[in-house]
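Coordinates in review
Chain by chain, the residues:
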Amino acid sequence: MKTMIYIESDGKDIPGAGLELVAAAESLGSCMAVLTGAGCREAAENLAAYGTDVAVMETESVMQDTVVSAIVQAAEAYSPDVVLFAATLEGKDMAPRVAARLSTGCITDITAIEETPDGLVFTRPAYGGTILEKMMFAQGKTAVASVRAGSFEKAQPSGQGKIVACKAAAGGAEKVKLLKTSVEIAEMVNLEGADVIVAGGRGCGSAENFALVQELADLLGGVVGASRPAIEEGWVSKAHQIGQSGKIVAPKLYIACGISGSMQHVSGMMGSDYIVAINKDEDASIFEVADVAIVGKCEEVLPLMIEEIRKRRA
């Protein structure tokens, strides 16, 4: 089984979602990873240390039209059975475009891949995560899919892969032009790569109480997350939103503060290794997925947690 994966990189580091793709590909057989752009030699060397071969498709533009064309060219040269993307905003955009160019379909947000005598079976959540559906591609078709964060363990360094660099052919006229680049706050909130996330919801009660969420996150070296109600209240920006209409996360520790546990939110964090939930309602739905349930008001429980952590560190 030949698998090709597209890695989103800043030219140096390999994100956690990319390492999950490496692990997913290794479970299926041989793997070719694709990097696009110019000046990504360092990223290619870092990626090759995980034992995967790397194709560096050098492009003169970073616009999506050009990147999609480069990925398609790599797929036509490598002839993979499966092409995998991370289910990021960029990956969700490009996967169906690449699938269309390869005359095949696209399955989004998969959480598992299983080899069967009839072919590969892809599992993905549906209806807000209330059910899991299993899907297959028609025989002879290249499978294209995006992988939900936290679905696979991150790959570990396992040897040295080969690096092949080639210039991607021009993909035709671009439909948009890049005028300027600016760093937005959303780019500085790395929820997907965080090991610890402390998230707050409407149950925090006020912006002053939500500040305790930030304090606990800072103390644990984590990142602040939020449910939609907290964002609608204006306590934190939308860049911190977790859930079906926000970001999908899978940290080692997830602390939910004043979050009721609607399926829209839970579907975005249910891949977390360990979940601690704080809520004054003992019947809150969030307790159904929590490893530790704390019944109490956030403004009373969080200061105690912060104080105890500081004592132990001292």
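Structural notes, computed from the coordinates. Starting from 1, residues in each chain are numbered consecutively following that chain's sequence as written. Where totals are concerned, whole chains, interfaces and linings use all residues; where local detail is concerned, this predicted model gives features only for residues with pLDDT of at least 70, and gives and counts side-chain atom pairs only at 80 or more. The basis for the side-chain values is all heavy atoms of the structure; hydrogens and waters are excluded.

Moving on, we get to the overall build of the protein chain. Think of it this way: any DSSP run of H or I at least four residues long counts as a helix, any run of E at least two long counts as a strand, and we number them from the N terminus. Counting its regular elements, the protein chain contains nine helices and 15 strands. Taking 20 Å as the expected radius of gyration for a compact globule of 314 residues, we find that the protein chain reaches 21 Å, a close match to that expectation. Judged by the C-alpha coordinates and their principal axes, the protein chain covers about 60 × 45 × 40 Å. Only protein chains enter the calculation, and the probe is 1.4 Å; a residue is then buried if its accessible area is under 20% of its type maximum, exposed if over 50%, and partly exposed in between. Counting across all 314 residues of the protein chain, residues that qualify as buried make up 47%. Every residue pair with non-hydrogen atoms within 4.5 Å of one another is taken to be in contact. Look at the contacts in the protein chain between residues 6 or more apart in sequence, and 62% of them connect residues 24 or more apart. All accessible areas in this document rest on Shrake-Rupley with a 1.4 Å probe, and a residue is counted as covered only by the protein chains that are shown. Element-wise, carbon and sulfur atoms account for 51% of the exposed surface of the protein chain, whose accessible area totals about 15,700 Å². Our radius of gyration looks at C-alpha atoms and nothing else; its globule reference is 2.2 Å times the residue count to the power 0.38.

On to the pairing of strand β13 (residues 253–257). The buried fraction of β13 is high, at four of five residues. Note on pairing: DSSP must find at least two bridges between two strands before they are called paired. Across five bridges, strand β11 (residues 196–200) lies against β13 in parallel orientation. Bridge pairing in β13 places V198 opposite I255. Examined bridge by bridge, β13 and strand β14 (residues 274–279) share five bridges and lie parallel to one another. Bridged to L253 within β14 is Y274.

Planes of paired rings set the category: under 30 degrees apart is stacked, over 60 is edge-to-face and the rest tilted, where pairs are Phe, Tyr or Trp rings (Trp by its six-membered ring) whose centres lie within 6.5 Å. The final tally for this structure, using the stated rule, is three aromatic pairs. Between F122 and F137 the ring centres are 5.6 Å apart and the planes differ by 80 degrees, which places this aromatic pair in the edge-to-face class. Separated by 15 residues along the polypeptide, F122 in strand β7 (residues 119–126) and F137 in the loop between β8 (131–135) and β9 (143–147) bring together distant segments of the chain. Across the pair, exposure class does not vary: F122 and F137 are buried alike. Counted as over-ring charges are cases with an Arg CZ or a Lys NZ within 6 Å of the ring centre that also lie within 35 degrees of the ring normal. Looking at K2, its charged tip hangs above the ring of Y78, at a distance of 4.5 Å from the centre.

With that out of the way, let us pick up the sheet that holds strand β6 (residues 112–116). Pairing between the strands of a sheet comes from backbone hydrogen bonds, and it takes one of two forms, parallel or antiparallel. Overall, antiparallel pairing links the three strands, which are arranged β6-β7-β8 in an open sheet. Each end of this open sheet is capped by a strand with a single partner; those strands are β6 and β8. With strand direction ignored, the average angle separating the axes of adjacent strands in the sheet is 25 degrees. Where β7 lies against β8, five bridges are found, and the strand directions are antiparallel. Angular values range over 0 to 180 degrees, each being the angle between N-to-C directions of two axes fitted as lines to C-alpha atoms, with helices fitted over their stretch in contact.

What follows covers the side chain of T3. Along the polypeptide, T3 turns up in strand β1 (residues 2–6). Looking at T3, the relative accessible area reads 0%, which means it is buried. Excluding its chain neighbours within four sequence positions, the residues that come into contact with T3 are A25, L28, S30, C31, M32, Y78, P80, V82 and L84.

Moving on, we get to the nonpolar core. We call a set of buried Ala, Val, Leu, Ile, Met, Phe, Trp, Tyr and Cys residues a nonpolar core when their side-chain atoms join them within 4.5 Å. Counting 35 residues, the largest nonpolar core has I5, L84 and F122 as its most contacted members. The set of elements that each furnish at least two residues to this core consists of α1 (16–26), β2 (30–36), α2 (41–48), β3 (53–58), β4 (82–86), β5 (106–110), β7 and β9. Element by element, the count of residues in this core is highest for α1, at six residues. If we skip the residues at most four places from it in the chain, L84 touches T3, M4, I5, Y6, L21, A24, I110, I113, A145 and V147. Judged by nonpolar contacts, the second largest core, of 23 residues, contains L212, A217, A230 and W235.

For the rest of this paragraph, the subject is the pattern of salt bridges. What makes a salt bridge here is a side-chain nitrogen of Lys or Arg within 4 Å of a carboxyl oxygen of Asp or Glu, nothing more. Enumeration according to the criterion identifies seven salt bridges in this entry. Close ionic contact of R124 with E133 constitutes a salt bridge, the shortest N to O distance being 2.6 Å. Owing to a relative accessible area of 18%, R124 belongs among the buried residues under this scheme. Notably, a salt bridge pairs R310 with E215, separated by 3.1 Å at the nearest N-O pair. Here R310, found in helix α9 (residues 298–313), pairs with E215, found in helix α6 (residues 207–219); they are 95 residues apart in sequence, far enough to count as distant. Relative accessible area serves as the criterion here: at 44%, R310 is assigned to the partly exposed category. The class for E215 is partly exposed, based on a relative accessible area of 29%.

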